[in-house]
Structure formats: structure tokens, C-alpha cells
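Below, each chain spelled out in residue letters.
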Amino acid sequence: MTPDLRCYGDDIQALADLVPDVDLRSPLDTHTWFRREWQPIAETLGFAQQLAAAPTAIPTTADRAAAMTLTGLAAFERSLYEARISVTDPQARTQSMVLQQLTAAGHARGELWRVTADPTTLSTGACYAEGGGSLRAFYPDTAPGYFGEGWPGPPPRAESACGWTTPLVLHLGTFPWVYSSRLEAVGPGLRWTSSSAQPALEGLYVAGSLMEPATNLRQDARQVAAIFRHFTAHTASLLARLPRFPSSGAETGRLYRRGHFLHVHQGSLHITGLDGPRGLVAAPAYNYVLRRFACFFAIRRAALRALSTLPADVQQIAATSADPCMRQHVEEMARAG
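Residues numbered from 1 in each chain as written. Predicted model: local features only at pLDDT ≥ 70, side-chain atom pairs only at ≥ 80, totals over all residues. Heavy atoms only, no water.

What follows concerns the packing of aromatic side chains. One pass over the structure, following the stated rule, counts 16 aromatic pairs. An angle of 25° between the planes, with centres 5.2 Å apart, marks the rings of Trp113 and Phe293 as stacked. With Trp113 in the loop between α5 (90–109) and β1 (114–117) and Phe293 in helix α9 (residues 283–305), this residue pair connects regions lying 180 residues apart in the sequence. Given the relative accessible area of 2%, Trp113 is considered buried. Residue class for Phe293 comes out buried when judged on its relative accessible area of 0%. Between Phe245 and Tyr256, the aromatic rings sit 5.4 Å apart at their centres with planes inclined by 85°, giving edge-to-face as the arrangement. Linking Phe245 in the loop between α8 (221–240) and β5 (255–258) with Tyr256 in strand β5, this pair joins segments that are eleven residues apart in sequence. (Phe/Tyr/Trp six-rings, centres within 6.5 Å; stacked < 30°, edge-to-face > 60°. Helix = DSSP H or I, 4+ residues; strand = E, 2+ residues; numbered from the N terminus. Buried < 20%, exposed > 50% of the residue type's maximum accessible area, 1.4 Å probe, protein only.)

A separate point is helix α11 (residues 324–336). Counted at 1.5 Å a residue, the expected span for α11 with its 13 residues is 18 Å, and the 18 Å between its end C-alpha atoms agrees. Buried within α11 are the following residues: Cys325, Met326, His329 and Val330. Down the axis of α11, the buried side of the element spans an arc of 140°, and every buried residue falls inside it. Opposite its buried face, α11 presents the exposed residues Ala334 and Arg335, each directed more than 90 degrees away. In the core, the buried residues of α11 are packed alongside α7 (213–218), α9 and α10 (312–319). Where α11 begins, the capping side chain belongs to Asp323, and its oxygen is found 3.0 Å from the backbone nitrogen of Cys325. (Expected span 1.5 Å × (residues − 1). Arc of directions from axis to C-beta. Contact = heavy atoms within 4.5 Å. Polar contact = N/O pair within 3.5 Å; in protein donor to acceptor, adjacent residues only side chain to side chain.)

Right, let's talk about the pattern of salt bridges for a bit. All chains considered together, the criterion is met by 15 salt bridges. Its salt-bridge partner being Asp21, residue Arg305 comes within 2.9 Å of it at the nearest N-O pair. Here Arg305, found in helix α9, pairs with Asp21, found in the loop between α1 (10–16) and α2 (27–45); they are 284 residues apart in sequence, far enough to count as distant. Looking at Arg305, the relative accessible area reads 18%, which means it is buried. Owing to a relative accessible area of 38%, Asp21 belongs among the partly exposed residues under this scheme. Glu37 is the salt-bridge partner of Arg291, the closest N and O atoms lying 2.8 Å from each other. Of the two residues, Arg291 is situated in helix α9 and Glu37 in helix α2; the sequence distance between them amounts to 254 residues. Note on accessibility: Arg291 and Glu37 belong to one class, buried. (Salt bridge = Lys/Arg side-chain N within 4 Å of Asp/Glu carboxyl O.)

What follows concerns the nonpolar core. Phe47, Phe138, Leu170, Leu204 and Phe297 are the most contacted members of the largest nonpolar core, which totals 99 residues. For this core, the element with the highest residue contribution is α9, accounting for 16 residues. In this view, Leu170 contacts Leu99, Leu102, Trp113, Arg114, Val115, Phe138, Val178, Tyr179 and Trp192; residues no more than four positions away in its chain are not counted. (Core = buried A, V, L, I, M, F, W, Y, C linked by side-chain atoms within 4.5 Å.)

So, on to the environment of Thr166. Locating Thr166 in the fold gives a position in the loop between β3 (133–136) and β4 (168–171). Remark: the alpha-carbon pair of Thr166 and Arg301, spanning 135 residues in sequence, is separated by 36 Å. Setting aside chain neighbours within four positions, we find Thr166 in contact with Pro119, Thr142, Trp151, Pro152 and Pro156.

Listed below in C-alpha cells is the structure:
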């Protein structure tokens, strides 16, 4: 039975079609798809060379998707340690502890793409000590942005030692672009590696794991669809200003729309972008974020199609999900026998 993603909205079916389909029942197809989809991640985040050097054999483990996530993560880790020192400073320690708490809670709630919490309930209050003062371990992403309308409340239930007055919100599904109002050329999550790779590794692990069937099915896709629609609603007018890539006569260095993605003809995508009322949207950030949404729903469709062949615990995730679209598919499968 082919899953109908229009349960999430007509636009979601088309979104999943932006990346190639994958048959999770085929070891070769699964390996090829994950290898191909980790490539643009590596190119954007600067570890394409390390990924190219990673083993290319099809993993023998039953969970090939998880194995490919670990392969991509290991290549990212090698690139970070080649470029940076690995001393852990107070901010990195705090970020790492907080991320572990946030992801554990997000898994439990089925809301891992965007995680929110009262920072005063987290390790060290999401604060770290430096220069005799107490500083926030993450940027307070409170202004209306490209993923949402800002996060004014509810305010922390306790007084914050470092000045938190709003919830802590991170968009881990689009790591390293984790803040709604900061879509600059370098994803803010990559700056978590100033002295330690661990926080960035944890962030990319979450983003990568959302392409694995078990984690993908645990995530309530309604949250992802709502964030995607907000993103497209506030970038549509910016894209409308751009010409479509012509079949001939393209201008060198000019930014175009090529299909649904941005493209610079014979130039660098990394120095271009779209400037809107909610801030700059760098071209690499736009392409990366759009592909993360597309990959999420492509795997959702593939996982539901292959659900009867997936492990029993993964099938149970789908059957007991709070996501009505997923439960509807499971019920239709049961009726079809």
C-alpha cells in the first residue's frame, strides 16, 4: 500500500518528491539513498572529503539506516577534530548536557524536530560561568523568524541566573540552522564547536537520525509540516524576485531558482542569499533546510510503505503514535490484511 502524505496537506506529497524515493526493503536501495542524501549535508557543512573516505560497503547490520547515520556522523567528527582542538570548555559542557536532556524529552513527546523547554529546569539552568559571570549557553531565539512567530512564553518558572526570560527553543531537525531568526551562511550550530566538537555532533546526530525509520516515525509529522509551511510562507516572496534558471544564456554569478532550489551559475552559492524583513536567508541555508524537510517526509512515506517488514518495535511506534495520519495508515493496512 502506497502511503498518501496528503493527510498532512497537499503540499507535503510534493515536498517528499523533491528527493528520490527509497525502498527500505532493499539493502542496496537503502544504502544508495542514504549515501546520496548525506552527500549534500557533507558538502554544505564541510566534511565531503571525510565522507568520501568513509567505507562504501553496504552495512551488514539489520538497521542500515542507523549505520549510515553513524557513518556520516563519524565523517563529520573527523572533520571537526582535524580543524579544532578538543578541549571542553564550560559552555560546551553545558550545551552538551542540555542537548541530551532536550533530545530525551523530545523523543518521549514525539517532538524532536523542534525542542522547547523552560531553561531553568535544565542542567545548570542552561547557563555557564565565564569571567566571573553567568551567561546563556544558547541564543535566545525570541523574534519572529522563518520557522515560527517567536517564543515569548510561558516565562521560566524560576529566576534565571543568566537572564533567561523566555523558553529555550532549538530546531534540531534543520541543524546547524537551529534558530528561526538566524539563517546566515554558516549555521549557528557549527559555532558550538569553538572548543569542543561534542555539542555539534549531538546536534547533527538528531538531524541525521530523523531520516531513520524508528526516529522518523516517533516524530509527530504535524509539527514538521507546520514549520515547513511557515518557512515556505515567509520565503515565497523572496524567491519570487528571482528568475528561473534559463536553458541558455544564464549570467555568470547570478542567483537563480533551479527547480525548487537555489543555484548560482558558475559562481559560489555561499556568498549569495535573499534579504527579507525577517533577516537574511543565505542560499546554502535555504537549500539545506528545504532538503531536510523533503528527506523527512520521503523517509516517512518509505517507512510507512515498508512498515510490515520493519522490526516489531518500530511497527509499535506507528501503531501507538499521537499522529492521526500515521494511525490512519496503520488501520488501513490492517483492514487490507
